[in-house]
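Below are the chains, spelled out letter by letter.
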Amino acid sequence: MSHDTPISTPKIPTPPGACDTHMHIYEPGYALREGAPHAGQPGTLHHYLEVKKKLGLTRTVIVAPSGYGTDNSCTLEAMAKLGSSARGVAIVDPEAPDTELERLTQLGIRGIRYHMRGGPVLGWESMLRMAARVAPFGWHLQLQCESAELGEHAAILGELPCDLVIDHMGRFDAATTGADRDWRIVMELLGGGRCWIKLSGPYYGSKLGPPRYEDKAHIAKALIKAAPERMVWATNWPHPSFRKNFPDEGGLLDLVAEWTQDEALRLKILVTNPAKLYGFPNAA
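Caption draft 1: The sheet that holds strand S1 (residues 19-23), seen in detail. Taken together, the eight strands give an open sheet; going across it, the order is S1-S2-S3-S4-S5-S6-S7-S8, and neighbouring strands pair in parallel fashion. Of all strands in the sheet, those with a lone pairing partner are S1 and strand S8 (231-233), marking the two edges. With strand direction ignored, the average angle separating the axes of adjacent strands in the sheet is 25°. Looking at chain direction, S1 and strand S2 (residues 59-63) are connected through three bridges and run parallel. Note on S2: the bridge partner recorded for Met23 is Ile62.

Caption draft 2: The nonpolar core, seen in detail. Among the nonpolar cores identified, the biggest contains 79 residues, and Leu141 and Leu143 are the most heavily contacted of them. Setting aside chain neighbours within four positions, we find Leu141 in contact with Ile112, Tyr114, Met127, Ala131, Leu160, Cys162, Asp163, Leu164 and Val165. In this structure, Ala275, Leu277, Tyr278 and Phe280 belong to the second largest nonpolar core, which totals eleven residues.

Caption draft 3: Region of interest: unusual backbone geometry. Cis rather than trans, the peptide bond between Pro210 and Pro211 has omega equal to 5°. Tracing the backbone shows Pro211 in the loop between strand S7 (195-199) and helix H8 (217-226). In this structure, the amide linkage connecting Trp237 to the following residue, Pro238, adopts the cis form with an omega of 0°. The phi angle at Arg171 is positive, at roughly 55°, despite the residue not being glycine. Looking at the secondary structure, you find Arg171 in the loop between strand S6 (164-166) and helix H7 (181-191). Of note in the backbone geometry, Asn245 takes a positive phi value of approximately 50° without being a glycine. In this structure, Asn245 sits in the loop between S8 and helix H9 (249-260).

Caption draft 4: Expanded view of the side chain of Asp215. Within the secondary structure layout, Asp215 lies in the loop between S7 and H8. In this structure, Asp215 is buried with no salt-bridge partner, the nearest side chain bearing the opposite charge being Lys207 at 6.1 Å. Here the side chain of Asp215 touches Leu208 through a polar contact of 3.2 Å, landing on its backbone nitrogen. Residues in contact with Asp215, not counting those within four places in the same chain, are Ala174, Gly205, Ser206, Lys207 and Leu208.

Caption draft 5: Local environment of the pairing of S2. Across the five residues of S2, five count as buried, placing the element largely inside the fold. Burial of the side chains of S2 extends over both faces: Arg59, Val61 and Val63 are buried on one face and Thr60 and Ile62 on the other. Taken together, S1, helix H1 (residues 45-55) and S2 form a β-α-β motif whose crossover is right-handed. Bridge count between S2 and strand S3 (residues 86-90): four bridges; the pairing is parallel. Its bridge partner being in S3, Val61 is matched across the sheet by Arg87. Crossover connection from S2 via helix H2 (residues 73-82) to parallel S3: handedness right-handed.

How each quantity is defined
- Residues numbered from 1 in each chain as written.
- Predicted model: local features only at pLDDT ≥ 70, side-chain atom pairs only at ≥ 80, totals over all residues.
- Heavy atoms only, no water.
- Pairing = 2+ DSSP bridges.
- Helix = DSSP H or I, 4+ residues; strand = E, 2+ residues; numbered from the N terminus.
- Axes fitted to C-alpha atoms, helices over the stretch in contact; angles between N-to-C directions.
- Core = buried A, V, L, I, M, F, W, Y, C linked by side-chain atoms within 4.5 Å.
- Buried < 20%, exposed > 50% of the residue type's maximum accessible area, 1.4 Å probe, protein only.
- Contact = heavy atoms within 4.5 Å.
- Lys, Arg positive; Asp, Glu negative; His and termini not counted.
- Salt bridge = Lys/Arg side-chain N within 4 Å of Asp/Glu carboxyl O.
- Polar contact = N/O pair within 3.5 Å; in protein donor to acceptor, adjacent residues only side chain to side chain.
- Right-handed = clockwise from strand over helix to strand, strands pointing away.

Here it is as structure tokens:
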């Protein structure tokens, strides 16, 4: 199977240093844990390099797929092949020693992943302990969950001793208003200065759908307005929750210009902010 939607060339040239902060690599030969879903389209590094080239991206953050559990070897192999243009986010066994955290840091890992959907590998109960362990290494905690869980676990999220990165705009429904409890929690977290948001996955909670997901624009714009210096962008390739009708990554990249209407702000989201978050050189 191949990508069934042609990838469009971004309408506005992609700036040098632009970073895709969330994508996954799946390679043959790496065993998925029992019951774990595989990507619905090829997710190899070979396929991703075509996407990266088409979009004009410079940097990549590989996020360990939950399907591999705490085995980060597929992600680390792809990072090594990409070299200094890559960073990673790992799923780490809570029993792993500090020497493992040190090893992963040396290899370019900058965050620990908490993916709360479909039988999580790491649960809420370990979050504060693991955040305290990874903080000295300069890592952040990356979280994907349903928006309601943000409110349910607000106490934990407010106590994290490291930066928090929330995936896919918090997966808020397009109908979410400013009065929503979970939305208010995210605004409070952003106001605290240590929360980042990935402007990715606009398809989650959108009723209008592609190509522009217009009903999610107000969510994206409100997040950008709240903390423009802590917004980053991502493809979420190969879109593991999809089995067909895959999103057009070129169109997803064009949304940043649509949401910002400001070239300096677009540059911040695509280049400067991710350079700071993931420790790429020349973050200025």
